[in-house]
Amino acid sequence: MKPIYKEFQNDEQAVGAVQELKARGVHEDDIYVIAHDADRTKRVADNADANTVGIGDVGLDTFVKNVFRSKGDELRAQFEELGFTAPEAEQLEEKLDHGKVILVVKDTTASTAF
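Residues numbered from 1 in each chain as written. Predicted model: local features only at pLDDT ≥ 70, side-chain atom pairs only at ≥ 80, totals over all residues. Heavy atoms only, no water.

## A look at the side chain of Thr41
Residue placement: Thr41 occurs in helix 2 (residues 38-48). Judged by its relative accessible area of 10%, Thr41 falls in the buried class. (Helix = DSSP H or I, 4+ residues; strand = E, 2+ residues; numbered from the N terminus. Buried < 20%, exposed > 50% of the residue type's maximum accessible area, 1.4 Å probe, protein only.)

## Re unusual backbone geometry
If you check the backbone angles, Asp49 has positive phi at about 55 degrees while not being a glycine. Tracing the sequence through the fold places Asp49 in the loop between helix 2 and helix 3 (55-68). For Asp49, a relative accessible area of 44% translates into the label partly exposed.

## Notes on the sheet that holds strand 3 (residues 101-105)
If you trace the three strands from one edge of the open sheet to the other, you get 1-3-2, paired in antiparallel fashion. This sheet does not close on itself; its edge strands, each paired only once, are strand 1 (4-8) and strand 2 (31-35). Neighbour to neighbour, the strand axes of the sheet diverge by 20 degrees on average, direction disregarded. Bridging between strand 1 and strand 3 involves five bridges; their strand directions are antiparallel. Residue pairing in the sheet places Ile4 in a bridge with Val105 of strand 3. On the sheet, helix 1 (residues 11-23) packs against strand 1, strand 2 and strand 3 and is oriented at approximately 15 degrees with respect to strand 3. Helix 2 contacts strand 2 and strand 3 of the sheet and is inclined by roughly 150 degrees relative to strand 2. (Pairing = 2+ DSSP bridges. Axes fitted to C-alpha atoms, helices over the stretch in contact; angles between N-to-C directions. Contact = heavy atoms within 4.5 Å.)

## Topic: the packing of aromatic side chains
Inspection of every chain in the model, using the stated rule, returns two aromatic pairs. Here Tyr5 and Phe84 contribute two aromatic rings whose centre-to-centre distance is 6.0 Å and whose plane-to-plane angle is 75 degrees, an arrangement assigned as edge-to-face. Residue Tyr5 is located in strand 1, and its partner Phe84 is located in the loop between helix 4 (71-81) and helix 5 (86-97); the two are separated by 79 residues in the primary sequence. Each ring, one from Phe79 and one from Phe84, has its centre 6.1 Å from the other, and the planes form 80 degrees; the classification is edge-to-face. Judged by relative accessible area, Phe79 falls into the buried class, the value being 0%. Using a relative accessible area of 6% as the deciding quantity, one classes Phe84 as buried. Aromatic ring contacts, followed pair by pair, group Tyr5, Phe79 and Phe84 into a single cluster. (Phe/Tyr/Trp six-rings, centres within 6.5 Å; stacked < 30°, edge-to-face > 60°.)

## Digging into the pairing of strand 2
Where burial is concerned, most of strand 2 is hidden: five out of the five residues are buried. Strand direction decides the pairing type here: strand 2 and strand 3, joined by five bridges, are antiparallel. Note on strand 3: the bridge partner recorded for Ile34 is Ile102.

## What to know about the packing of helix 4 against helix 5
Contact geometry of helix 4 with helix 5 gives a least axis separation of 8 Å together with a crossing angle of 130 degrees. By the angle class used here, helix 4 and helix 5 are oblique. Seen from above, helix 4 lies across helix 5 with right-handed handedness. In this structure, helix 4 contributes Gly72, Leu75, Arg76, Phe79 and Glu80 to the contact, and helix 5 contributes Ala86, Ala89, Glu90, Leu92, Glu93 and Leu96. (Parallel < 35°, antiparallel > 145°, perpendicular 65-115°, else oblique. Left-handed = near helix turned anticlockwise from the far one by under 90°.)

Written out as C-alpha coordinates, the structure is:
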(Lines give C-alpha, C1' and ligand atoms only; values in the text may rest on other atoms or scores of the structure.)
Protein backbone atom coordinates (compact mmCIF):
# COMPACT_ATOMS: atom_id res chain seq x y z
CA MET A 1 0.00 0.00 0.00
CA LYS A 2 0.96 3.61 -0.43
CA PRO A 3 2.57 5.32 2.57
CA ILE A 4 0.61 7.95 4.45
CA TYR A 5 1.90 11.08 6.13
CA LYS A 6 0.90 13.87 8.44
CA GLU A 7 2.61 17.18 9.06
CA PHE A 8 3.15 18.74 12.46
CA GLN A 9 4.11 22.22 13.51
CA ASN A 10 5.97 21.23 16.66
CA ASP A 11 7.98 18.32 17.98
CA GLU A 12 5.66 17.47 20.87
CA GLN A 13 2.67 16.93 18.55
CA ALA A 14 4.75 14.63 16.35
CA VAL A 15 5.95 12.59 19.35
CA GLY A 16 2.37 12.29 20.61
CA ALA A 17 1.18 11.10 17.20
CA VAL A 18 3.88 8.41 17.08
CA GLN A 19 2.85 7.18 20.52
CA GLU A 20 -0.80 7.10 19.44
CA LEU A 21 0.04 5.16 16.27
CA LYS A 22 1.99 2.58 18.27
CA ALA A 23 -0.89 2.25 20.75
CA ARG A 24 -3.17 1.42 17.81
CA GLY A 25 -0.84 -1.33 16.65
CA VAL A 26 1.32 0.34 14.01
CA HIS A 27 4.74 -1.28 14.15
CA GLU A 28 7.52 1.17 15.04
CA ASP A 29 9.61 -0.04 12.08
CA ASP A 30 6.98 1.49 9.78
CA ILE A 31 7.03 4.98 11.34
CA TYR A 32 9.50 7.56 10.03
CA VAL A 33 10.25 11.13 11.12
CA ILE A 34 11.58 13.66 8.62
CA ALA A 35 12.41 17.30 9.30
CA HIS A 36 14.51 19.75 7.31
CA ASP A 37 17.18 19.88 10.00
CA ALA A 38 18.97 16.58 10.69
CA ASP A 39 19.34 17.43 14.40
CA ARG A 40 15.61 18.04 14.72
CA THR A 41 14.85 14.82 12.87
CA LYS A 42 17.08 12.83 15.22
CA ARG A 43 15.71 14.56 18.33
CA VAL A 44 12.07 13.89 17.44
CA ALA A 45 12.80 10.31 16.35
CA ASP A 46 14.71 9.62 19.56
CA ASN A 47 11.96 11.11 21.75
CA ALA A 48 9.26 9.16 19.91
CA ASP A 49 11.27 5.96 19.43
CA ALA A 50 10.64 6.17 15.69
CA ASN A 51 12.86 5.81 12.62
CA THR A 52 14.81 8.19 10.48
CA VAL A 53 15.49 7.40 6.83
CA GLY A 54 18.87 5.67 6.66
CA ILE A 55 20.98 3.60 4.34
CA GLY A 56 18.80 0.53 4.83
CA ASP A 57 15.75 2.47 3.68
CA VAL A 58 17.20 4.25 0.66
CA GLY A 59 19.81 1.78 -0.52
CA LEU A 60 23.53 2.29 -0.90
CA ASP A 61 23.24 4.00 -4.31
CA THR A 62 20.87 6.73 -3.09
CA PHE A 63 22.76 7.07 0.20
CA VAL A 64 26.02 7.80 -1.64
CA LYS A 65 24.29 10.21 -4.05
CA ASN A 66 22.78 12.07 -1.07
CA VAL A 67 26.28 12.95 0.13
CA PHE A 68 26.67 15.15 -2.95
CA ARG A 69 23.10 16.47 -3.21
CA SER A 70 21.61 19.63 -1.81
CA LYS A 71 19.50 19.22 1.32
CA GLY A 72 16.29 19.62 -0.70
CA ASP A 73 17.35 16.98 -3.23
CA GLU A 74 18.29 14.64 -0.38
CA LEU A 75 14.92 15.05 1.33
CA ARG A 76 12.99 14.54 -1.92
CA ALA A 77 14.99 11.35 -2.57
CA GLN A 78 14.13 10.10 0.93
CA PHE A 79 10.42 10.67 0.35
CA GLU A 80 10.60 8.90 -3.01
CA GLU A 81 12.38 5.92 -1.45
CA LEU A 82 9.58 5.70 1.13
CA GLY A 83 7.08 5.32 -1.72
CA PHE A 84 5.95 8.81 -2.71
CA THR A 85 5.92 10.04 -6.31
CA ALA A 86 8.32 12.78 -7.40
CA PRO A 87 5.59 15.47 -7.34
CA GLU A 88 4.46 14.32 -3.88
CA ALA A 89 8.07 14.35 -2.65
CA GLU A 90 8.43 17.91 -3.96
CA GLN A 91 5.32 19.03 -2.04
CA LEU A 92 6.45 17.30 1.15
CA GLU A 93 9.92 18.82 0.95
CA GLU A 94 8.32 22.25 0.57
CA LYS A 95 6.39 21.67 3.82
CA LEU A 96 9.71 20.93 5.52
CA ASP A 97 11.04 24.25 4.21
CA HIS A 98 8.27 25.91 6.24
CA GLY A 99 9.37 24.29 9.51
CA LYS A 100 7.04 21.30 9.55
CA VAL A 101 7.89 17.84 10.86
CA ILE A 102 6.53 15.04 8.67
CA LEU A 103 5.59 11.61 10.02
CA VAL A 104 5.41 8.88 7.41
CA VAL A 105 3.86 5.46 7.94
CA LYS A 106 4.94 2.79 5.45
CA ASP A 107 3.22 -0.54 4.93
CA THR A 108 -0.14 0.79 6.01
CA THR A 109 -3.27 -1.23 6.42
CA ALA A 110 -6.77 -0.09 5.60
CA SER A 111 -7.29 0.86 9.25
CA THR A 112 -4.11 2.93 9.58
CA ALA A 113 -4.87 6.63 9.84
CA PHE A 114 -3.62 9.65 11.71
